[in-house]
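Commentary on secondary and tertiary structure
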Amino acid sequence: MASNDRNCSANSDLHPTAIAGFNEKTASLYDAKRPEYSKETVDVIFNQMNLDNLEPLENLSTDILELGAGTGKFTKSFYPRLNQSVKYTATDPMEGFLRQAKLNCPSIKTTVCSAENLPFPDASVRFVVCAQCFHWFASEASLKEIHRVLVSNGKLLCLWNVRDISIPWIRAASDLLYEYYTEDVPKATSGKWKEVFEKASLFRQLFTCTPSGTGIQGDKQAIVDYFMTISVIASRPENERIKARQRFLDIFDKFGANKPDSEEWIVPFTTEVYGYVKV
Ligand SMILES: C[S@@+](CC[C@H](N)C(=O)[O-])C[C@H]1O[C@@H](n2cnc3c(N)ncnc32)[C@H](O)[C@@H]1O
């Protein structure tokens, strides 16, 4: 990491499935197989920030603070859209993931930290962005931290890529995936993460929208690779991962009976975006 990166120990805040699923060993598969973020989604976030009309502020540590940036999947879609004068900091508690983000965006400033312990002064961040990650730290502790570092009227933007489960084989694969979740593992699609906003009363919701997303496409092995990157599978020991892989492949045999192995499959995504303002 570059010498200007400020690191802190963060692992005590993390769920064990996140530690085992998002690390040095899983980073390159994650980065290669997870869906990209669409231009429409990037536009929504960009327009919310109204970056051309920012008022000068003293003691600003960064304009945009990305939490849970991981391997930089969102970062690499968004960061190139920004004017060089905009200060951007990508953070994640998992150093192995953040290292991949640095490969994706070499000039970006990165900081290893969890959402529960942000090494930034009070009121020193204009926007916080959480792509595909807020459910991992949807607690009062992290919401208070986000609230603390944001300037007055600062915005929190959360987004998720969501599989289209109206397609029967994707529904079947998603149901199989959910078998690997234990009660304590945060699941974005449960919507449980919203409860903390109601409890804490620190933010007011500004909007929600669902811009079209991207998709992942490839033969059945490539699609199964994507499911293998999801933390509840990625975190399993190798022998269990081999069995899980076969169970996902069986779905393709069921839904694509008589189709050749080279058959292309597509998983379409929409993106759900939620915007909040600090109160
Ligand atoms: C599904 S990945 C999303 C990564 C990236 N934003 C993306 O769009 O692909 C979830 C990320 O949340 C991070 N994470 C988990 N617990 C966290 C916490 N307590 N604070 C901050 N980030 C956390 C993980 O390390 C992981 O990189």
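These notes cover the structure that comes with them. (Residues numbered from 1 in each chain as written. Predicted model: local features only at pLDDT ≥ 70, side-chain atom pairs only at ≥ 80, totals over all residues.)

**Some remarks on the overall build of the protein**
- Across its full length, the protein holds 11 helices and eight strands.
- Since a compact globule built from 279 residues should have a radius of gyration of about 19 Å, the 19 Å found for the protein is in line with a globular shape.
- Projecting the C-alpha coordinates of the protein onto the three principal axes gives extents of approximately 65 × 40 × 35 Å.
- By the burial criterion, 36% of the 279 residues in the protein qualify as buried. (Helix = DSSP H or I, 4+ residues; strand = E, 2+ residues; numbered from the N terminus. Rg over C-alpha atoms; globule rule 2.2 N^0.38 Å. Buried ≥ 20, exposed ≤ 12 C-beta atoms within 10 Å, placed from the backbone.)

**Some words on helix α6 (residues 140-149)**
- Restricting attention to buried positions, one finds in α6 the residues S142, L143, E145, I146 and V149. Viewed end-on, α6 has its buried residues packed into an arc of 160°, placing them on one side of the element.
- Packing partners of the buried residues in α6 comprise β1 (62-67), β4 (125-131), β5 (150-163) and α8 (195-200). (Arc of directions from axis to C-beta. Contact = placed C-beta atoms within 7 Å.)

**Some points on the site of the ligand**
- With respect to spatial proximity, 23 residues lie near the ligand, and among them G68, G70, K73, C133 and W136 are the closest.
- Residues belonging to the shell around the ligand are distributed by class as follows: 14 nonpolar, four polar and five charged. (Near = placed C-beta within 6 Å. Nonpolar A, V, L, I, M, F, W, Y, C, P; charged D, E, K, R; others polar.)

**Examining the packing of helix α7 (residues 168-178) against helix α11 (residues 238-255)**
- Running from amino to carboxyl end, α7 crosses α11 at an angle of 155°, the nearest separation of the two axes being 10 Å. As summarised for this structure, α7 and α11 are arranged roughly antiparallel, according to the angle between their axes. The interaxial crossing formed by α7 with α11 has right-handed handedness. Counting all contacts with α7, which are made through P168, W169, A172, A173 and L176, the residues of α11 involved are R247, F248, I251 and F255.
- Among the residues forming the contact of α7 with α11, the class breakdown is eight nonpolar, no polar and one charged. (Axes fitted to C-alpha atoms, helices over the stretch in contact; angles between N-to-C directions. Parallel < 35°, antiparallel > 145°, perpendicular 65-115°, else oblique. Left-handed = near helix turned anticlockwise from the far one by under 90°.)

**What to know about the nonpolar core**
- V128, V129 and C130 are the most contacted members of the largest nonpolar core, which totals 49 residues.
- With residues near it in sequence (within four places) discarded, C130 still touches L67, G68 and C158.
- Judged by nonpolar contacts, the second largest core, of 14 residues, contains A173, I223, F227 and V267. (Core = buried A, V, L, I, M, F, W, Y, C linked by C-beta atoms within 7 Å.)

**Quick word on the packing of helix α9 (residues 220-228) against α11**
- Two elements in contact, α9 and α11, have axes separated by 10 Å at closest approach and are oriented at 130°. The pairing of α9 with α11 is recorded here as oblique in orientation. Relative to α11, the crossing made by α9 is right-handed. The segment α9 lies against α11, with K220, V224, F227 and M228 engaging R241, R245, F248, L249 and F252.

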